[in-house]
There are 2 protein chains.
Amino acid sequence: MSMKTTILTGDRPTGPLHLGHFAGSLRQRVALQNDCQQYVLVADLQGMTDNGSDPQKISNNIPEVLADYLAAGIDPSLTTICLQSSLPALAELTMFYMNIVTVARVERNPTVKHEIVQKGFARSLPVGFLAYPISQAADITAFKASMVPVGSDQLPMIEQTNEIVHKMNSLLPEPVLNHCKALLSETSRLPGIDGNAKMSKSLGNTLLLSADEETIHRAVNSMYTDANHLKVSDPGQVKGNIVFTYLDAFHPNKTLVAEMKAHYQRGGLGDRICKNELEVCLQELIAPMRERRATYIQDKGMLMGILKKGSERAHEVTQNTLREVKQGLGLPIL
Amino acid sequence: MSMKTTILTGDRPTGPLHLGHFAGSLRQRVALQNDCQQYVLVADLQGMTDNGSDPQKISNNIPEVLADYLAAGIDPSLTTICLQSSLPALAELTMFYMNIVTVARVERNPTVKHEIVQKGFARSLPVGFLAYPISQAADITAFKASMVPVGSDQLPMIEQTNEIVHKMNSLLPEPVLNHCKALLSETSRLPGIDGNAKMSKSLGNTLLLSADEETIHRAVNSMYTDANHLKVSDPGQVKGNIVFTYLDAFHPNKTLVAEMKAHYQRGGLGDRICKNELEVCLQELIAPMRERRATYIQDKGMLMGILKKGSERAHEVTQNTLREVKQGLGLPIL
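Residues numbered from 1 in each chain as written. Chains lettered and ligands numbered in written order. Predicted model: local features only at pLDDT ≥ 70, side-chain atom pairs only at ≥ 80, totals over all residues. Heavy atoms only, no water.

S.K.: Account for the packing of aromatic side chains, with residues named and values stated.
M.R.: Summed over the entire model, instances satisfying the criterion amount to 12 aromatic pairs over all chains. An aromatic cluster is present here, built from F22, Y246 and F250 of chain A joined pairwise through their rings. (Phe/Tyr/Trp six-rings, centres within 6.5 Å; stacked < 30°, edge-to-face > 60°.)

S.K.: Describe in detail the packing of helix 11 (residues 242–250) of chain A against helix 12 (residues 254–266) of chain A, supporting the description with residues and values.
M.R.: Residue and element names in this part refer to chain A. Where helix 11 meets helix 12, the closest approach of the two axes is 9 Å, and the angle between their N-to-C directions is 160 degrees. In this view, helix 11 runs roughly antiparallel relative to helix 12, as classed from their interaxial angle. Like other packed secondary-structure pairs, helix 11 and helix 12 cross with a definite hand, here left-handed. Residue-level inspection shows F244, L247 and D248 of helix 11 in contact with helix 12, the latter providing K254, V257, M260, K261 and Y264. The residue inventory of the contact of helix 11 with helix 12, partitioned by class, reads 5 nonpolar, no polar and 3 charged. (Axes fitted to C-alpha atoms, helices over the stretch in contact; angles between N-to-C directions. Helix = DSSP H or I, 4+ residues; strand = E, 2+ residues; numbered from the N terminus. Parallel < 35°, antiparallel > 145°, perpendicular 65-115°, else oblique. Left-handed = near helix turned anticlockwise from the far one by under 90°. Contact = heavy atoms within 4.5 Å. Nonpolar A, V, L, I, M, F, W, Y, C, P; charged D, E, K, R; others polar.)

S.K.: How would you explain the relation of the copies chain B and chain A if you had to name every residue and give the values?
M.R.: Mapping chain B onto chain A calls for a screw motion: a turn of 180 degrees about the axis and a shift of 0.0 Å along it, with 0.0 Å RMSD after fitting. Expressed as an axis order, the relation between the two copies is that of a two-fold axis. (Least-squares fit on C-alpha atoms with pLDDT ≥ 70 in both.)

S.K.: Can you tell me about the domain arrangement of chain A, naming the residues and giving the values?
M.R.: All names here are of chain A. Entries for chain A in the domain assignment read domain 1 (6–191 + 300–329) and domain 2 (210–294). Distance between the C-alpha centres of domain 1 and domain 2: 33 Å. Contact residues are listed per partner, giving 13 residues for domain 1 and 11 residues for domain 2. Among the residues domain 1 hides against domain 2, the three largest losses belong to L19, A71 and P191. Together they make up 48% of the total. For the salt bridge of R293 with D68, the shortest nitrogen-to-oxygen distance reads 2.4 Å. Counting across the interface, domain 1 meets domain 2 through 5 residue pairs in polar contact (both at pLDDT 80 or more). Elements with a minimum of two residues in the side of domain 1 that touches domain 2: helix 1 (19–32) and helix 3 (55–72). (Domains from an automatic or database assignment. Buried area = accessible area lost by both parts, 1.4 Å probe. Salt bridge = Lys/Arg side-chain N within 4 Å of Asp/Glu carboxyl O. Polar contact = N/O pair within 3.5 Å; in protein donor to acceptor, adjacent residues only side chain to side chain.)

S.K.: Provide a residue-level description of the side chain of N169 of chain A, including the pertinent values.
M.R.: Mapped onto the secondary structure, N169 of chain A falls in helix 9 (residues 155–171). Setting aside chain neighbours within four positions, we find N169 of chain A in contact with P175, V176 and L177 of chain A.

S.K.: Talk me through the interface of chain B and chain A; I want residue IDs and the actual numbers.
M.R.: A common way to report how large an interface is uses the accessible area buried once the components associate. Each partner contributes residues to the interface: chain B has 52 residues there, and chain A has 52 residues. When chain B packs against chain A, the two sides together hide about 4,300 Å² of surface, and 70% of this comes from carbon and sulfur. Its largest share of buried area at the contact with chain A, chain B owes to N99, V127 and L334 of chain B, together 17% of the area lost on that side. Summed over the shared surface of chain B and chain A, the result is 0 salt bridges. At the junction of chain B and chain A, the tally comes to 20 residue pairs in polar contact (both at pLDDT 80 or more). At the level of elements, helix 2 (44–48), helix 3 (55–72), helix 4 (88–98), helix 5 (103–108), helix 7 (127–130), helix 8 (132–142), helix 9 (155–171) and helix 14 (300–329) of chain B are the ones that each hand at least two residues to the side of chain B that touches chain A.

Put into structure tokens, the structure is as follows:
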């Protein structure tokens, strides 16, 4: 019996993954997979909650995300990679949980509130989108995850999950569901290459894990630094300087970066040198991922085989939780 | 390949069934089961949408409803009796459909609007209750039912289902889901024994299929007739006269009932004689059901065996629909 911490994490397959995903979650998963029981959920159902009229966008991106996972170093022999839509227990638990959460409560969820405005739903809000925190609670609890890696903007989701756990357990003769804790990412959200606070495909400011040399070169070249750093000898600002934000996020030599920052701030270090340092770092980071990814994406059969195997394993675990919940509710297990 | 019409119907297992169910649906099912492919769904999940905090009320009533079905003459070799919570495809299809129905649309559903007021939900409306028309659409379409027996108050549910069918089919390379038609019950809703428009357990005005002789006797005795029909020789009102409503609903000899009505209206027919005629009729109707039911309810193993067998059959059918929908959406079938 393994006493490893169980972690659930995952992505909505809305497009290939980029450096923002790498910095915010992929490399953390690679680091965690040896010591934790880690499940990575390809959340295709959740992806459809705001792509209801374009479901093929989601299904087409499933192999893309899988190739990214493997390219980034997620090892399917250590991490269970599984598909949300192939785990019926997740939908079934969602149905149970929906009855113990009020519409008023999900409408009050700050993350949902913010996203409803951001996505411009207004009166066209799909029921599935309103219900997605409940579906996410089903995901987390089905795996009995005790740790969930999230950004700080997702903390209300963890709170809502634990409310559901508490309420559901109180309806059962003995507790079945686990409370969970947020595992906050060390890196704050990576800004886009244009300096926008968010790196996102729709803003066209990403660097994909499949980015070629020329794209990386141009991206680094075009990055804003400090608009007031006109001469090399001028003291420069490090805060809000995207080049340094990226060096902080990706450069393996933290001492070197600290020295560069000090030098830049007192004056005498040119943007060109900083950008060169960053470009070398990104080229070295991305090249092996790009190459592995190019091989993997050719082999859909292999990718689907990994997903099938992981989903079978996840099916066992999640069915077990569902069975316990149903038994607790007194429902027949036919 | 059978070309029989496929019918889906069912009940929320919130309590044992009563004469209102018998008049409104059970006897229709018995009549239809020879000529149609009939599925009867024990809708435990739907029962929990407004019993979220008392799930055991639902699970405890599953065998009660099964015993009522068999007692009323539903034959499991002709009708497939199945359990909603044991059919994962229903929850999974609900998840897909929730993404193509807006919150505004379900809030506008007249049946839902009415029930929200009736049940006094206000701000405590559970998400599951708001979503139940979508879940019902999943039930109907999963079985590819073309006919759904409903009361006229449920017509908006059929309309909503067909909207979902239309929208969902438009997202798939070729149509998968069937449109459905309402099969309106011939009998209008049976009033309670106290004359209240609705027979319901919470109003204490029902006659259960397990009612004993004395209960039936007292129920008929206490029925209101025509408050102005003071002397036997007075002309009496038939409209709104519960005894005649029940004679209409249950007496096998329609000619006799027509003659009695005419006699009552012109005067000379006493309430006592009418009530005696009704009591004999109800005693004869209920006695064999009561006896069968008393035997069946003792044998939970047999009841669950029937439910298991029916649910296995229903699982095949509903999984098939789910598979077609997933394939159409381009999702991997792992």
